[in-house]
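What follows is each chain in one-letter form.
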6 protein chains.
Amino acid sequence: MASRTSTLKFFSLLISSFAFFQMAMAGDPDILTDFVVPQNGTVDGNFFTYTGFRVLVGGAPPTAFKVLKASLAEFPALNGQSVSYAVLQFPSGTTNPPHTHPRSAELLFLIQGSLQVGFVDTKNNLFTQTLQVGDLFVFPKGLVHFQYNADSQKPVLAISAFGSANAGLVSIPSTLFTTGIDDNVLAISFKTDVATIQKLKAGLAPKP
Amino acid sequence: MASRTSTLKFFSLLISSFAFFQMAMAGDPDILTDFVVPQNGTVDGNFFTYTGFRVLVGGAPPTAFKVLKASLAEFPALNGQSVSYAVLQFPSGTTNPPHTHPRSAELLFLIQGSLQVGFVDTKNNLFTQTLQVGDLFVFPKGLVHFQYNADSQKPVLAISAFGSANAGLVSIPSTLFTTGIDDNVLAISFKTDVATIQKLKAGLAPKP
Amino acid sequence: MASRTSTLKFFSLLISSFAFFQMAMAGDPDILTDFVVPQNGTVDGNFFTYTGFRVLVGGAPPTAFKVLKASLAEFPALNGQSVSYAVLQFPSGTTNPPHTHPRSAELLFLIQGSLQVGFVDTKNNLFTQTLQVGDLFVFPKGLVHFQYNADSQKPVLAISAFGSANAGLVSIPSTLFTTGIDDNVLAISFKTDVATIQKLKAGLAPKP
Amino acid sequence: MASRTSTLKFFSLLISSFAFFQMAMAGDPDILTDFVVPQNGTVDGNFFTYTGFRVLVGGAPPTAFKVLKASLAEFPALNGQSVSYAVLQFPSGTTNPPHTHPRSAELLFLIQGSLQVGFVDTKNNLFTQTLQVGDLFVFPKGLVHFQYNADSQKPVLAISAFGSANAGLVSIPSTLFTTGIDDNVLAISFKTDVATIQKLKAGLAPKP
Amino acid sequence: MASRTSTLKFFSLLISSFAFFQMAMAGDPDILTDFVVPQNGTVDGNFFTYTGFRVLVGGAPPTAFKVLKASLAEFPALNGQSVSYAVLQFPSGTTNPPHTHPRSAELLFLIQGSLQVGFVDTKNNLFTQTLQVGDLFVFPKGLVHFQYNADSQKPVLAISAFGSANAGLVSIPSTLFTTGIDDNVLAISFKTDVATIQKLKAGLAPKP
Amino acid sequence: MASRTSTLKFFSLLISSFAFFQMAMAGDPDILTDFVVPQNGTVDGNFFTYTGFRVLVGGAPPTAFKVLKASLAEFPALNGQSVSYAVLQFPSGTTNPPHTHPRSAELLFLIQGSLQVGFVDTKNNLFTQTLQVGDLFVFPKGLVHFQYNADSQKPVLAISAFGSANAGLVSIPSTLFTTGIDDNVLAISFKTDVATIQKLKAGLAPKP
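Residues numbered from 1 in each chain as written. Chains lettered and ligands numbered in written order. Predicted model: local features only at pLDDT ≥ 70, side-chain atom pairs only at ≥ 80, totals over all residues. Heavy atoms only, no water.

The name given to chain A in an unreviewed UniProt entry is Germin-like protein, with the source organism recorded as Prunus dulcis. Per UniProt, chain A carries the Subunit (unreviewed entry) text "Oligomer (believed to be a pentamer but probably hexamer)." On record in UniProt, under Sequence similarities (unreviewed entry), the comment for chain A is "Belongs to the germin family." (UniProt positions renumbered as here; feature names shortened; annotations may be inferred.)

Structure follows, in structure tokens:
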């Protein structure tokens, strides 16, 4: 009987431990060891190396705006190290639409081309700049920002650093118009009519 | 000559100290005293009391959505205490438009009426709920969320708590369409035409 | 033999994972996801809603001082969001005895009645105030504070917000006089006699 | 005229910078330099040395419980370093009365004598221990704890470390009974009569 | 079939939970409970007591520099409490070689003897001091520091406190010259020849 | 007379505010505004732009290892944003000597050439890797690490991101051998003779 109780308790605790795993993914604590060891225990130089950006070398430029990320999901060694990268590629005339990163500022380094950038602070001031090769621009934590390659010919390549292993991304167009928020709520919020909202939703809907 | 140098250095340092004051306002450090003493040195029970919400008692309900805040700006004793409040009032049919708080989650407590709420996570999942009196709803840190009083008759009163003395507010409609972001950037970002962007801007522009 | 070792190691690690679950409950880290997913994986609008305060609506007022909490234990979605609530109800002549919250300041919002409040800082200064409906009062982090409904007729209702999902409570009377601290230690500490200590203990002891 | 405005603005900003100095004292931020430079600019080995504990060497033992602190106030180089010390001396039969440290755990190291220690957690569990020379005991953050030299002959010497440059001290007896909290509030809170409260206050009042 | 999938998922999650255990050891989050409960659930006064320093009482002095630690590994109750100790013993003429602690400042308290101490800041300024009994010295976070008992006769005893449960230790001589870093890299870095590097490596190699 | 007192107090406070400025530079607190406003109040797009890396575009490659930094000192808008960059240039056969960053991990992105990298953890394990163009490597917080361009012909260009506005640099060779640490302390610490220490010091001494 005691053993039956133990078994039940065993499974109860086991299930609890599953719950915890998910929380683990959720946690970015200051760590008390040098780094966070992965489950299989094999930690060597490869563990601290990320090769997913090699595709950029000699790769054909994309035909639409494209982001490559090296964050916690792609590069587990970043766990607890509070830093990550993204590489941004802009063909002519493309934008990185207005968005926020909930957990970090972004420090963009322009490698190739010319880029228009901007952000809006919480007092509704718009700050913009046209960057040239070699320039850095910092987008402060949690604010709405965007980038635009206005050049009709030259593509843009930029590297962005973040002070978090998982800065997160809230893309405003898709958040607002592709997730099913009620038309009426959006129409009232944007002081427009439902038809305009539906037109925006249609334009942003995934193509079949 | 030495004295001239000193004087220059004096002013240089003085100016530096101005820079610092502004930073002070910017800082929410863990504090090493019980509370942060204001400049005039008069600290008594009144310093820890905020009376700006008394206007709610017996006041006429507003005719448009209205927010009253008790944050660092209104209530300096919150400095270093990592907590603040807002009171939200929704006449029938009004919304608190999609927005984010860059520095805190929001815990809403519905005091009167019925309220539709929702937020979108960074994987573009929409979570919605219709709250009744007495319900709490938590909007996680940094995510886009909104509230809507769909009832045609009853007003709504809600209290929201934040885990920061200055949670900040990024209102999406005004951030996007009243700050001067280029029409073309917005049209490309929202996959629509410039005319639609201009219509949205016109609708949200302050009335003369 | 190898397999036996593996099995032992398996259980050893398994037990370790139990240890971790308990630590999970203990942790309030800055999170790297939008929210912390619970074990069963069902996350919808209900997960972010807490209905435990509905009992307040139309409920009979309590006959003794009463606290309703919406913290991590009652509302798991608060995990990682650094905010929580308590509702305080004071019949005439009752107190919330001197206490501290080890992990947060408290921001009290007086909804009904008139309330005397006070706290003592680490330099032994007492700050007091008599609040009227609509007033806020902030009790700084970690300091001893109390509230008292001195009105002989009207009950008091207050809402308190905390900048932690689990602010914690150290109630001074029960901590000192109901947990078995040695009479002699208390008598020396309070510069009184053992008889007085025993009288205080008797008064605070749970009634059979 | 412009110059007059400038002058006014100058003084306004200057006054603001005074406000900031007080806040500086209040702040324990993670620092971005190696250490915090004091105002006079003279930083040498002496700045990082504290000699205030030399009085312990060969000094006569005290006749009452005594604390020597090396925290931010006594040793400014600790600013931003998140660590401090206290030395505790207990003549026979004396206590360090129940107290809390709002900003840190305490790690006590018993150097001489035998010491009874205890603390109460937020679930009202009392944990006690009798320490012998060489023992360490950790009092968790923010909880009420006490120490007692029950030995009728030997004095006690202990060193305590804190994980904050200014852990703070809330001494329960003096906080409750020497700061002017209303007798009635205390009597209700401790479920006793006003006479008992007044007796306790009298016993703890400073002797003339 | 469904059950097979469940079983696989079961093991997959189980393995994940192992990964987490290791992370647990890695984490020093601010905790949301009073303390972190160990796996066996037995928490009493002994759990909060560390007796590993009793060997110092009446023990023979060591013949080489020796460190005794009471950190997270030796004393699990320190988990989440952000404080730890080390005891340092220096026979005549011995050093604690240049080293850093990645996660904390060090506050040294000299109990016996006379000690030469020093550290170098990030601007390459050397700060030194000769301490006498009773003196404290703070080594700021993350900087290279050392201690030396220059006295030809008297041993030194010192206690060091850290503002982390696991400050960590990077000993420079062994890090550089006993871990297999390429001779050539070291020779170029130290602007010397390979022979000198090899001589240093030989001197620091563990004796058979 | 009163005015004289005021004047004195004025200067006393003024001096205090200078002390604070230095602390300001020292502080990397979580900020409560969107960004930290500089002293002159002129905040536009240029404030958030750093052009100091333009020299890299078309510039001649350096003849010795060279670091260009964009941290708090060079780019004040990074204040409170917890992110910064460095650009590293390695001619053939050069190293970035063993060093630590006290306040951040480093995430290196190899843009050109082939680079040997390595770090040593606090258990004296050496982790090394040879990186090719496009690879990332993370050096965990506070650990000793180095980089080496072993190629006899091709130069190396790398970009490193840090999760702090001022990661700091402790270069081991110069810290140990150019700051005046006593020869004897170093000889004992490195288990070598004074002559070897003096040879190392001579090699690293600045050339006249």
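Turning to the overall build of chain A, a few remarks are in order. Across its full length, chain A holds four helices and eleven strands. Every one of the 208 residues in chain A was classed for burial, and the buried ones make up 57%. Across chain A, the fraction of contacts at a sequence separation of at least 24, relative to all contacts at a separation of at least 6, is 67%. On chain A, roughly 8,100 Å² of surface is accessible, and the fraction owed to carbon and sulfur atoms is 56%. (Helix = DSSP H or I, 4+ residues; strand = E, 2+ residues; numbered from the N terminus. Buried < 20%, exposed > 50% of the residue type's maximum accessible area, 1.4 Å probe, protein only. Contact = heavy atoms within 4.5 Å. Areas by Shrake-Rupley, 256 points an atom, 1.4 Å probe, with all protein chains shown as cover.)

All right, on to the sheet that holds strand 8 (residues 136-139) of chain E then. Sheet architecture is open: six strands sit in the order 1(D)-8(E)-5(E)-10(E)-3(E)-2(E), paired in antiparallel fashion. Single-partner strands in this sheet number two, and they are strand 1 (49-50) of chain D together with strand 2 (66-70) of chain E. The pairing of strand 3 (residues 84-90) of chain E with strand 10 (residues 156-162) of chain E spans seven bridges and is antiparallel. Among the inter-strand pairings, Phe90(E) is bridged to a residue of strand 10 of chain E, identified as Val156(E). (Pairing = 2+ DSSP bridges.)

Bringing the relation of the copies chain B and chain C into the picture now. The transform that puts chain B on chain C rotates by 180° and translates by 0.0 Å along the axis, for an RMSD of 0.0 Å. Such a combination of turn and shift is consistent with a two-fold rotation axis. When each C-alpha of chain B is compared by its distance to the rotation axis, Gly163(B) comes out closest, at 2.1 Å. (Least-squares fit on C-alpha atoms with pLDDT ≥ 70 in both.)

Here we come to the UniProt feature "domain: Cupin type-1" (unreviewed entry) in chain A. UniProt records the feature "domain: Cupin type-1" (unreviewed entry) at residues 53-198 of chain A, using the numbering of this structure. Note that residues 53-198 of chain A is 12% helix and 38% strand, and that its end C-alpha atoms are spaced 38 Å apart.

With that out of the way, let us pick up the interface of chain E and chain F. Contacts between chain E and chain F engage 42 residues on the former and 42 residues on the latter. Summed over both sides, the interface between chain E and chain F buries roughly 3,700 Å², with carbon and sulfur atoms accounting for 70% of that surface. Where chain E packs against chain F, one counts two salt bridges. Asp193(E) is the salt-bridge partner of Lys199(F), the closest N and O atoms lying 2.8 Å from each other. Applying the counting criterion to the chain E and chain F interface returns ten residue pairs in polar contact (both at pLDDT 80 or more). Where the side of chain E that touches chain F is concerned, the elements lending two or more residues are strand 4 (95-100), strand 9 (144-148), helix 2 (172-177), helix 3 (183-189) and helix 4 (194-204) of chain E. The dominant element in the side of chain E that touches chain F, judged by the number of residues it contributes, is helix 2 of chain E, at six residues. Counted by class, the side of chain E that touches chain F contains 22 nonpolar, 16 polar and four charged residues. (Buried area = accessible area lost by both parts, 1.4 Å probe. Salt bridge = Lys/Arg side-chain N within 4 Å of Asp/Glu carboxyl O. Polar contact = N/O pair within 3.5 Å; in protein donor to acceptor, adjacent residues only side chain to side chain. Nonpolar A, V, L, I, M, F, W, Y, C, P; charged D, E, K, R; others polar.)

Let us now look at the packing of helix 4 (residues 194-204) of chain C against helix 4 (residues 194-204) of chain D. One can describe the packing of helix 4 of chain C onto helix 4 of chain D by two numbers: an axis separation of 12 Å at closest approach and a directional angle of 140°. Put simply, helix 4 of chain C runs oblique to helix 4 of chain D. The handedness of the crossing between helix 4 of chain C and helix 4 of chain D is left-handed. Residues Thr196(C), Lys199(C) and Leu200(C) of helix 4 of chain C touch helix 4 of chain D, and the partners they reach there are Thr196(D), Lys199(D) and Leu200(D). (Axes fitted to C-alpha atoms, helices over the stretch in contact; angles between N-to-C directions. Parallel < 35°, antiparallel > 145°, perpendicular 65-115°, else oblique. Left-handed = near helix turned anticlockwise from the far one by under 90°.)

Time to look at the pattern of salt bridges. Residue and element names in this part refer to chain A. This structure, assessed with the given rule, holds 24 salt bridges over all chains. As a salt-bridge pair, Asp 183 and Lys 201 come within 2.6 Å of each other at their nearest N and O atoms. One end of the pair, Asp 183, is in helix 3 (residues 183-189); the other, Lys 201, is in helix 4 (residues 194-204), and 18 residues separate them in sequence. Like Lys 201, Asp 183 is buried.

At the interface, 52 residues of chain B touch 53 residues of chain C. Regarding the contact of chain B and chain C, the summed buried area is about 4,100 Å², with carbon and sulfur atoms giving 64% of it. The three residues of chain B that bury the most area against chain C are Asp34(B), Tyr85(B) and Leu136(B), which together make up 16% of that side's buried surface. For the pair chain B and chain C, the number of links is two salt bridges. The tally of links from chain B across to chain C stands at 21 residue pairs in polar contact (both at pLDDT 80 or more). Of all the secondary-structure elements, those providing two or more residues to the side of chain B that touches chain C are strand 1 (49-50), strand 3 (84-90), strand 5 (106-112), strand 7 (126-131), strand 8 (136-139) and strand 10 (156-162) of chain B. Grouping the amino acids of the side of chain B that touches chain C by side-chain chemistry returns 29 nonpolar, 15 polar and eight charged. Note that strand 8 of chain B and strand 1 (residues 49-50) of chain C share two bridges and pair antiparallel. Bridge pairing links Leu136(B) to Tyr50(C) in strand 1 of chain C.

Before going further, it helps to spend a moment on the sheet that holds strand 8 of chain B. One open sheet holds the six strands; their spatial order is 2(B)-3(B)-10(B)-5(B)-8(B)-1(C), and the pairing between them is antiparallel. Since the sheet does not close on itself, it has two edges, and those belong to strand 2 (66-70) of chain B together with strand 1 of chain C, each with one partner. When strand 2 of chain B meets strand 3 of chain B, the two strands line up antiparallel, connected through five bridges. Each residue of the ladder has a partner; that of Lys69(B), found in strand 3 of chain B, is Ala86(B).

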